[in-house]
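Structural overview
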Amino acid sequence: MEQINDSVEILNIVRSIVYHLNITNLANMTRKIIALPINNIKLLEEVTDIIYDRALQRQNYTHVYADMCASLINDSKFNKLITNTEISFQKVLLKKCSDVFRTLTKHNPRELDKLKQIMQNKNLEQQMFISALNSYQFEFSKKVVSNCRFISELYRKGAIPEKIILSYITDLSYENEELQLYCLCIILQLTGPILSKEYDLNEEVDTLLFAINNYTMSSTLKCLILKVQKMHSEGWIKEESNKYIGNIYTKFSELPKEMKNMYTLKSYNIMALLIYDECYDVLFDFVDNKKIDQVIRLLKMNKFLIRYDPITFVVSMILVALEENQNIRNYAGKLLDNIVKKKLLSNHSIRSGVNKVLNDLGIKEEYPNLSNLMLDITSQFKV
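Small disclaimer: the values here were computed from a predicted structure and weren't measured. (Residues numbered from 1 in each chain as written. Predicted model: local features only at pLDDT ≥ 70, side-chain atom pairs only at ≥ 80, totals over all residues. Heavy atoms only, no water.)

**Observations concerning the packing of aromatic side chains**
Summed over all chains, the structure comprises 5 aromatic pairs. Taking 4.6 Å as the distance between ring centres and 35 degrees as the angle between the ring planes, the aromatic pair formed by Y280 and F284 counts as tilted. Linking Y280 with F284, this pair stays in helix α14 (residues 276–289), spanning 4 residues, or about one helical turn. Both rings, one in F286 and one in Y331, keep their centres 6.0 Å apart while their planes meet at 80 degrees; by these two values the pair is edge-to-face. Residue F286 is found in helix α14, and its partner Y331 is found in helix α18 (residues 326–341); the two are separated by 45 residues along the sequence. When sorted by exposure, F286 lands in the same class as Y331, which is buried. (Phe/Tyr/Trp six-rings, centres within 6.5 Å; stacked < 30°, edge-to-face > 60°. Helix = DSSP H or I, 4+ residues; strand = E, 2+ residues; numbered from the N terminus. Buried < 20%, exposed > 50% of the residue type's maximum accessible area, 1.4 Å probe, protein only.)

Right under this line is the structure:
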(Lines give C-alpha, C1' and ligand atoms only; values in the text may rest on other atoms or scores of the structure.)
Protein backbone atom coordinates (compact mmCIF):
# COMPACT_ATOMS: atom_id res chain seq x y z
CA MET A 1 0.00 0.00 0.00
CA GLU A 2 1.33 3.43 -0.94
CA GLN A 3 2.20 5.79 1.89
CA ILE A 4 -0.83 7.55 3.36
CA ASN A 5 -0.38 10.36 5.83
CA ASP A 6 -3.66 12.28 5.74
CA SER A 7 -5.95 11.45 8.69
CA VAL A 8 -9.13 12.07 6.71
CA GLU A 9 -7.99 9.66 4.01
CA ILE A 10 -7.09 7.05 6.61
CA LEU A 11 -10.52 7.31 8.22
CA ASN A 12 -12.23 7.03 4.83
CA ILE A 13 -10.22 3.89 4.07
CA VAL A 14 -11.21 2.38 7.42
CA ARG A 15 -14.87 3.20 6.79
CA SER A 16 -14.73 1.51 3.39
CA ILE A 17 -13.04 -1.57 4.88
CA VAL A 18 -15.44 -2.08 7.77
CA TYR A 19 -18.47 -1.30 5.61
CA HIS A 20 -17.63 -4.10 3.17
CA LEU A 21 -16.17 -6.57 5.67
CA ASN A 22 -17.29 -10.20 5.43
CA ILE A 23 -15.93 -13.64 6.28
CA THR A 24 -14.42 -14.07 2.80
CA ASN A 25 -12.36 -10.87 2.71
CA LEU A 26 -11.64 -10.77 6.46
CA ALA A 27 -7.92 -11.62 6.27
CA ASN A 28 -7.21 -9.21 3.42
CA MET A 29 -9.17 -6.34 5.01
CA THR A 30 -7.44 -6.89 8.34
CA ARG A 31 -4.02 -6.63 6.68
CA LYS A 32 -5.09 -3.33 5.10
CA ILE A 33 -6.02 -1.91 8.53
CA ILE A 34 -2.70 -3.05 10.02
CA ALA A 35 -0.80 -1.37 7.18
CA LEU A 36 -2.31 2.06 7.87
CA PRO A 37 -0.02 4.70 9.46
CA ILE A 38 -2.03 5.42 12.61
CA ASN A 39 0.43 7.47 14.65
CA ASN A 40 -1.53 9.50 17.22
CA ILE A 41 -4.05 8.79 19.95
CA LYS A 42 -6.88 10.84 18.43
CA LEU A 43 -6.64 8.99 15.15
CA LEU A 44 -6.49 5.63 16.94
CA GLU A 45 -9.66 6.47 18.87
CA GLU A 46 -11.45 7.56 15.70
CA VAL A 47 -10.43 4.37 13.88
CA THR A 48 -11.63 2.29 16.84
CA ASP A 49 -14.92 4.20 16.87
CA ILE A 50 -15.56 3.33 13.23
CA ILE A 51 -14.82 -0.37 13.70
CA TYR A 52 -16.79 -0.63 16.93
CA ASP A 53 -19.86 1.26 15.70
CA ARG A 54 -20.05 -0.81 12.54
CA ALA A 55 -19.67 -4.04 14.54
CA LEU A 56 -22.74 -3.11 16.60
CA GLN A 57 -24.75 -2.04 13.56
CA ARG A 58 -24.22 -5.26 11.57
CA GLN A 59 -25.59 -7.69 14.12
CA ASN A 60 -25.28 -10.76 11.90
CA TYR A 61 -21.57 -10.06 11.39
CA THR A 62 -20.60 -9.40 15.00
CA HIS A 63 -18.33 -12.45 15.06
CA VAL A 64 -16.54 -11.28 11.91
CA TYR A 65 -15.72 -7.89 13.42
CA ALA A 66 -14.61 -9.61 16.61
CA ASP A 67 -12.27 -11.74 14.47
CA MET A 68 -10.80 -8.61 12.93
CA CYS A 69 -10.36 -6.91 16.31
CA ALA A 70 -8.71 -10.01 17.78
CA SER A 71 -6.22 -10.02 14.92
CA LEU A 72 -5.51 -6.32 15.42
CA ILE A 73 -4.95 -6.90 19.14
CA ASN A 74 -2.69 -9.90 18.51
CA ASP A 75 -0.56 -7.89 16.11
CA SER A 76 1.84 -6.36 18.64
CA LYS A 77 2.94 -3.57 16.33
CA PHE A 78 -0.62 -2.43 15.56
CA ASN A 79 -1.99 -2.90 19.06
CA LYS A 80 0.74 -0.70 20.54
CA LEU A 81 1.29 1.53 17.56
CA ILE A 82 1.48 4.75 19.60
CA THR A 83 4.91 4.87 21.21
CA ASN A 84 5.69 6.40 24.62
CA THR A 85 2.16 5.85 25.93
CA GLU A 86 0.13 3.20 27.71
CA ILE A 87 -2.65 3.54 25.13
CA SER A 88 -3.33 0.52 22.93
CA PHE A 89 -6.03 -0.49 20.47
CA GLN A 90 -7.21 -3.15 22.92
CA LYS A 91 -7.59 -0.67 25.80
CA VAL A 92 -9.46 1.85 23.65
CA LEU A 93 -11.79 -0.85 22.31
CA LEU A 94 -12.51 -2.36 25.73
CA LYS A 95 -13.32 1.07 27.18
CA LYS A 96 -15.95 1.56 24.48
CA CYS A 97 -17.43 -1.85 25.24
CA SER A 98 -17.43 -1.11 28.96
CA ASP A 99 -19.01 2.34 28.56
CA VAL A 100 -21.94 0.91 26.61
CA PHE A 101 -22.31 -2.03 28.98
CA ARG A 102 -22.59 0.33 31.97
CA THR A 103 -25.59 2.05 30.33
CA LEU A 104 -27.58 -1.18 30.81
CA THR A 105 -28.75 -0.09 34.24
CA LYS A 106 -29.01 3.65 33.61
CA HIS A 107 -29.57 5.82 30.58
CA ASN A 108 -27.06 8.55 29.88
CA PRO A 109 -28.57 11.76 31.38
CA ARG A 110 -27.06 13.85 28.60
CA GLU A 111 -28.69 11.67 25.95
CA LEU A 112 -32.04 11.98 27.72
CA ASP A 113 -31.70 15.76 27.96
CA LYS A 114 -30.87 15.91 24.25
CA LEU A 115 -33.89 13.74 23.43
CA LYS A 116 -36.14 15.89 25.58
CA GLN A 117 -34.95 19.08 23.87
CA ILE A 118 -35.56 17.60 20.43
CA MET A 119 -39.09 16.61 21.39
CA GLN A 120 -39.84 20.02 22.86
CA ASN A 121 -38.55 21.77 19.76
CA LYS A 122 -40.60 19.56 17.44
CA ASN A 123 -43.71 20.14 19.55
CA LEU A 124 -44.95 16.60 18.87
CA GLU A 125 -48.36 15.36 19.86
CA GLN A 126 -48.55 12.77 22.63
CA GLN A 127 -48.81 9.63 20.48
CA MET A 128 -46.01 10.76 18.18
CA PHE A 129 -43.87 11.49 21.21
CA ILE A 130 -44.47 8.02 22.66
CA SER A 131 -43.63 6.51 19.26
CA ALA A 132 -40.37 8.46 19.20
CA LEU A 133 -39.57 7.20 22.71
CA ASN A 134 -40.35 3.63 21.64
CA SER A 135 -37.89 3.94 18.76
CA TYR A 136 -35.28 5.48 21.04
CA GLN A 137 -35.69 2.70 23.60
CA PHE A 138 -35.58 0.01 20.89
CA GLU A 139 -32.37 1.39 19.37
CA PHE A 140 -30.85 1.71 22.84
CA SER A 141 -31.72 -1.92 23.64
CA LYS A 142 -30.43 -3.13 20.29
CA LYS A 143 -27.13 -1.37 20.90
CA VAL A 144 -26.52 -2.87 24.35
CA VAL A 145 -27.55 -6.34 23.13
CA SER A 146 -25.15 -6.10 20.18
CA ASN A 147 -22.45 -4.89 22.55
CA CYS A 148 -22.89 -7.99 24.73
CA ARG A 149 -22.65 -10.20 21.67
CA PHE A 150 -19.51 -8.38 20.56
CA ILE A 151 -17.91 -8.62 24.02
CA SER A 152 -18.68 -12.34 24.12
CA GLU A 153 -17.19 -12.93 20.68
CA LEU A 154 -14.06 -11.01 21.65
CA TYR A 155 -13.67 -13.21 24.71
CA ARG A 156 -14.16 -16.40 22.67
CA LYS A 157 -11.30 -15.28 20.44
CA GLY A 158 -9.01 -14.50 23.37
CA ALA A 159 -9.13 -10.74 22.82
CA ILE A 160 -10.31 -9.75 26.31
CA PRO A 161 -9.37 -11.08 29.77
CA GLU A 162 -11.59 -13.63 31.51
CA LYS A 163 -11.98 -11.36 34.55
CA ILE A 164 -13.83 -8.81 32.41
CA ILE A 165 -16.41 -11.24 31.07
CA LEU A 166 -16.88 -12.68 34.58
CA SER A 167 -17.48 -9.20 36.00
CA TYR A 168 -20.17 -8.56 33.37
CA ILE A 169 -21.88 -11.86 34.19
CA THR A 170 -21.78 -11.02 37.91
CA ASP A 171 -23.28 -7.58 37.35
CA LEU A 172 -26.09 -8.96 35.18
CA SER A 173 -26.88 -11.70 37.68
CA TYR A 174 -28.03 -9.07 40.17
CA GLU A 175 -30.56 -7.56 37.75
CA ASN A 176 -34.14 -8.60 36.97
CA GLU A 177 -35.08 -6.31 34.10
CA GLU A 178 -35.83 -7.97 30.76
CA LEU A 179 -32.98 -6.30 28.88
CA GLN A 180 -30.39 -7.30 31.48
CA LEU A 181 -31.66 -10.89 31.58
CA TYR A 182 -31.55 -11.02 27.80
CA CYS A 183 -27.94 -9.84 27.84
CA LEU A 184 -27.05 -12.42 30.49
CA CYS A 185 -28.47 -15.14 28.23
CA ILE A 186 -26.42 -13.92 25.29
CA ILE A 187 -23.16 -13.84 27.21
CA LEU A 188 -23.75 -17.25 28.77
CA GLN A 189 -24.71 -18.98 25.55
CA LEU A 190 -21.64 -17.65 23.75
CA THR A 191 -19.06 -17.96 26.52
CA GLY A 192 -20.49 -20.92 28.43
CA PRO A 193 -18.57 -23.57 26.44
CA ILE A 194 -15.29 -21.94 27.54
CA LEU A 195 -16.16 -20.71 31.03
CA SER A 196 -17.75 -24.02 32.02
CA LYS A 197 -14.34 -25.67 31.89
CA GLU A 198 -13.38 -23.68 34.99
CA TYR A 199 -16.77 -22.66 36.46
CA ASP A 200 -20.02 -24.60 36.90
CA LEU A 201 -22.27 -21.59 36.05
CA ASN A 202 -25.06 -23.13 38.14
CA GLU A 203 -25.73 -19.91 40.02
CA GLU A 204 -26.00 -17.84 36.86
CA VAL A 205 -28.40 -20.26 35.16
CA ASP A 206 -30.45 -20.49 38.37
CA THR A 207 -30.78 -16.70 38.28
CA LEU A 208 -32.40 -16.95 34.86
CA LEU A 209 -34.74 -19.76 35.91
CA PHE A 210 -35.74 -17.82 39.03
CA ALA A 211 -36.66 -14.87 36.80
CA ILE A 212 -38.98 -17.06 34.69
CA ASN A 213 -40.93 -18.08 37.78
CA ASN A 214 -41.03 -14.71 39.50
CA TYR A 215 -41.18 -11.96 36.87
CA THR A 216 -43.35 -11.10 33.91
CA MET A 217 -41.39 -11.40 30.66
CA SER A 218 -41.86 -11.91 26.93
CA SER A 219 -42.11 -15.40 25.46
CA THR A 220 -38.97 -14.61 23.44
CA LEU A 221 -36.90 -14.20 26.60
CA LYS A 222 -38.47 -17.26 28.23
CA CYS A 223 -37.52 -19.34 25.19
CA LEU A 224 -33.97 -18.03 25.25
CA ILE A 225 -33.58 -18.79 28.98
CA LEU A 226 -34.77 -22.36 28.43
CA LYS A 227 -32.28 -22.79 25.58
CA VAL A 228 -29.46 -21.62 27.84
CA GLN A 229 -30.66 -24.02 30.54
CA LYS A 230 -30.63 -26.87 28.00
CA MET A 231 -27.09 -26.01 26.91
CA HIS A 232 -25.98 -25.93 30.54
CA SER A 233 -27.65 -29.24 31.44
CA GLU A 234 -25.99 -30.91 28.44
CA GLY A 235 -22.56 -29.66 29.45
CA TRP A 236 -22.24 -27.00 26.75
CA ILE A 237 -20.88 -29.68 24.40
CA LYS A 238 -23.21 -29.49 21.41
CA GLU A 239 -22.27 -27.58 18.28
CA GLU A 240 -25.14 -25.13 18.73
CA SER A 241 -23.41 -23.93 21.89
CA ASN A 242 -20.97 -22.06 19.70
CA LYS A 243 -23.66 -20.23 17.76
CA TYR A 244 -25.80 -17.29 18.76
CA ILE A 245 -29.37 -18.56 19.13
CA GLY A 246 -31.24 -15.45 20.22
CA ASN A 247 -33.83 -13.62 18.12
CA ILE A 248 -32.83 -10.21 16.78
CA TYR A 249 -35.26 -7.71 15.29
CA THR A 250 -33.81 -4.85 13.28
CA LYS A 251 -36.86 -2.57 13.42
CA PHE A 252 -39.38 -1.71 16.11
CA SER A 253 -42.20 -2.45 13.65
CA GLU A 254 -41.00 -6.07 13.35
CA LEU A 255 -41.52 -6.82 17.05
CA PRO A 256 -44.35 -9.10 18.22
CA LYS A 257 -47.14 -7.26 20.02
CA GLU A 258 -46.05 -8.44 23.48
CA MET A 259 -42.54 -7.07 22.93
CA LYS A 260 -43.90 -3.78 21.61
CA ASN A 261 -45.88 -3.45 24.84
CA MET A 262 -42.67 -4.06 26.79
CA TYR A 263 -40.93 -1.18 25.00
CA THR A 264 -43.91 1.11 25.48
CA LEU A 265 -43.71 0.47 29.23
CA LYS A 266 -40.00 1.31 29.17
CA SER A 267 -40.80 4.46 27.23
CA TYR A 268 -43.10 5.58 30.03
CA ASN A 269 -40.22 5.03 32.45
CA ILE A 270 -37.92 7.15 30.27
CA MET A 271 -40.56 9.86 30.13
CA ALA A 272 -40.73 9.85 33.93
CA LEU A 273 -36.97 10.46 34.03
CA LEU A 274 -37.25 13.25 31.46
CA ILE A 275 -39.59 15.32 33.60
CA TYR A 276 -38.28 14.32 37.04
CA ASP A 277 -36.44 17.61 37.67
CA GLU A 278 -39.42 19.72 36.63
CA CYS A 279 -41.71 17.73 38.92
CA TYR A 280 -39.25 18.30 41.75
CA ASP A 281 -39.41 22.08 41.16
CA VAL A 282 -43.20 22.04 40.99
CA LEU A 283 -43.58 20.04 44.19
CA PHE A 284 -41.22 22.18 46.23
CA ASP A 285 -42.73 25.38 44.88
CA PHE A 286 -45.98 24.13 46.38
CA VAL A 287 -44.28 23.07 49.63
CA ASP A 288 -42.57 26.45 50.03
CA ASN A 289 -45.39 28.78 48.97
CA LYS A 290 -48.56 26.74 49.64
CA LYS A 291 -50.15 28.52 46.63
CA ILE A 292 -51.80 26.09 44.25
CA ASP A 293 -52.69 28.84 41.75
CA GLN A 294 -49.00 29.66 41.39
CA VAL A 295 -48.24 26.00 40.69
CA ILE A 296 -51.04 25.81 38.13
CA ARG A 297 -49.58 28.80 36.28
CA LEU A 298 -46.19 27.08 36.29
CA LEU A 299 -47.71 23.91 34.87
CA LYS A 300 -49.58 25.79 32.15
CA MET A 301 -46.42 27.62 31.12
CA ASN A 302 -44.45 24.38 30.96
CA LYS A 303 -46.89 22.34 28.88
CA PHE A 304 -44.29 19.61 28.44
CA LEU A 305 -44.95 18.37 31.97
CA ILE A 306 -48.53 17.17 31.51
CA ARG A 307 -49.26 17.51 27.83
CA TYR A 308 -47.41 14.47 26.54
CA ASP A 309 -48.53 11.99 29.14
CA PRO A 310 -50.47 12.87 32.31
CA ILE A 311 -49.94 9.38 33.77
CA THR A 312 -46.18 9.73 33.58
CA PHE A 313 -46.45 13.13 35.25
CA VAL A 314 -48.13 11.39 38.20
CA VAL A 315 -45.43 8.69 38.23
CA SER A 316 -42.66 11.29 38.20
CA MET A 317 -44.27 13.28 41.00
CA ILE A 318 -44.57 10.12 43.10
CA LEU A 319 -40.94 9.17 42.40
CA VAL A 320 -39.83 12.60 43.61
CA ALA A 321 -41.94 12.29 46.75
CA LEU A 322 -40.71 8.78 47.57
CA GLU A 323 -37.21 10.14 48.06
CA GLU A 324 -38.42 12.68 50.63
CA ASN A 325 -39.86 12.52 54.16
CA GLN A 326 -43.46 11.85 55.18
CA ASN A 327 -44.32 15.55 55.29
CA ILE A 328 -43.21 16.05 51.68
CA ARG A 329 -45.04 12.91 50.57
CA ASN A 330 -48.22 14.33 52.13
CA TYR A 331 -47.70 17.55 50.21
CA ALA A 332 -47.29 15.57 46.97
CA GLY A 333 -50.67 13.91 47.57
CA LYS A 334 -52.30 17.28 48.29
CA LEU A 335 -50.74 18.76 45.17
CA LEU A 336 -52.03 15.97 42.92
CA ASP A 337 -55.47 16.28 44.50
CA ASN A 338 -55.52 20.03 43.81
CA ILE A 339 -54.39 19.55 40.22
CA VAL A 340 -57.30 17.12 39.69
CA LYS A 341 -59.71 19.68 41.15
CA LYS A 342 -58.31 22.27 38.73
CA LYS A 343 -59.08 19.78 35.91
CA LEU A 344 -55.48 19.52 34.67
CA LEU A 345 -55.43 15.83 35.63
CA SER A 346 -58.15 13.16 35.64
CA ASN A 347 -58.87 10.61 38.34
CA HIS A 348 -57.97 7.94 35.79
CA SER A 349 -54.48 9.43 35.37
CA ILE A 350 -53.97 9.40 39.13
CA ARG A 351 -55.09 5.78 39.50
CA SER A 352 -53.00 4.64 36.55
CA GLY A 353 -49.90 6.45 37.80
CA VAL A 354 -50.26 4.98 41.28
CA ASN A 355 -50.69 1.47 39.85
CA LYS A 356 -47.62 1.83 37.63
CA VAL A 357 -45.50 2.69 40.66
CA LEU A 358 -46.96 -0.07 42.83
CA ASN A 359 -46.41 -2.69 40.10
CA ASP A 360 -42.89 -1.65 39.12
CA LEU A 361 -40.42 -4.34 40.24
CA GLY A 362 -37.47 -1.94 40.33
CA ILE A 363 -39.29 0.53 42.58
CA LYS A 364 -40.42 -2.32 44.86
CA GLU A 365 -36.82 -3.40 45.29
CA GLU A 366 -35.66 0.15 46.01
CA TYR A 367 -38.45 0.75 48.55
CA PRO A 368 -39.28 -2.49 50.45
CA ASN A 369 -41.99 -0.61 52.41
CA LEU A 370 -43.44 0.91 49.22
CA SER A 371 -47.10 0.38 50.20
CA ASN A 372 -46.71 2.39 53.41
CA LEU A 373 -44.82 5.19 51.66
CA MET A 374 -47.48 5.34 48.94
CA LEU A 375 -50.18 5.60 51.59
CA ASP A 376 -48.64 8.91 52.72
CA ILE A 377 -49.36 10.22 49.21
CA THR A 378 -52.63 8.51 48.31
CA SER A 379 -54.32 9.28 51.64
CA GLN A 380 -54.39 12.94 50.59
CA PHE A 381 -56.78 12.44 47.67
CA LYS A 382 -59.85 10.39 46.83
CA VAL A 383 -60.04 8.73 43.43
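So much for the structure itself; the text now carries on.
**Focus on helix α21 (residues 370–378)**
Considered for burial, the residues of α21 that qualify are L370, L373, M374, D376 and I377. Down the axis, α21 shows its buried residues gathered within 145 degrees of arc, on one side only. Across α21 from its buried face, at more than 90 degrees, point the exposed residues S371, N372 and L375. (Arc of directions from axis to C-beta.)

**Digging into the side chain of T30**
Here T30 lies in helix α2 (residues 26–35). Given a relative accessible area of 6%, T30 falls into the buried group. Residues within four places of T30 in sequence aside, it is in contact with M68, S71 and L72. (Contact = heavy atoms within 4.5 Å.)

**Quick notes on the pattern of salt bridges**
The tally for this structure, following the rule as stated, stands at 13 salt bridges. Residue K157 is joined to E153 by a salt bridge in which the shortest nitrogen-to-oxygen separation is 3.7 Å. Residues participating in the shared-partner salt-bridge network are D67, E153, R156 and K157. (Salt bridge = Lys/Arg side-chain N within 4 Å of Asp/Glu carboxyl O.)

**Some remarks on the packing of α18 against α21**
Contact pair α18 / α21: the axes reach a minimum separation of 6 Å and the direction vectors enclose 50 degrees. When the axis of α18 is compared with that of α21, the two are oblique. Residues Q326, R329, N330, A332 and G333 of α18 touch α21, and the partners they reach there are L373, D376 and I377. The residue makeup of the contact of α18 with α21, split by class, is 3 nonpolar, 3 polar and 2 charged. (Axes fitted to C-alpha atoms, helices over the stretch in contact; angles between N-to-C directions. Parallel < 35°, antiparallel > 145°, perpendicular 65-115°, else oblique. Nonpolar A, V, L, I, M, F, W, Y, C, P; charged D, E, K, R; others polar.)

**Section: the state of the cysteines**
Between two cysteines, a covalent bond joining their sulfur atoms is known as a disulfide. Here the structure, examined in full by the defined rule, presents 0 disulfides. No disulfide involves C97; its sulfur sits 8.0 Å from the nearest other cysteine sulfur, which is in C69. Since its relative accessible area comes to 1%, C97 is described here as buried. In this structure C183 is not part of a disulfide, and its nearest cysteine sulfur, from C148, lies 3.5 Å away. Judged by its relative accessible area of 0%, C183 is buried. (Disulfide = S-S within 2.5 Å.)

In short, geometric facts, not functional conclusions.
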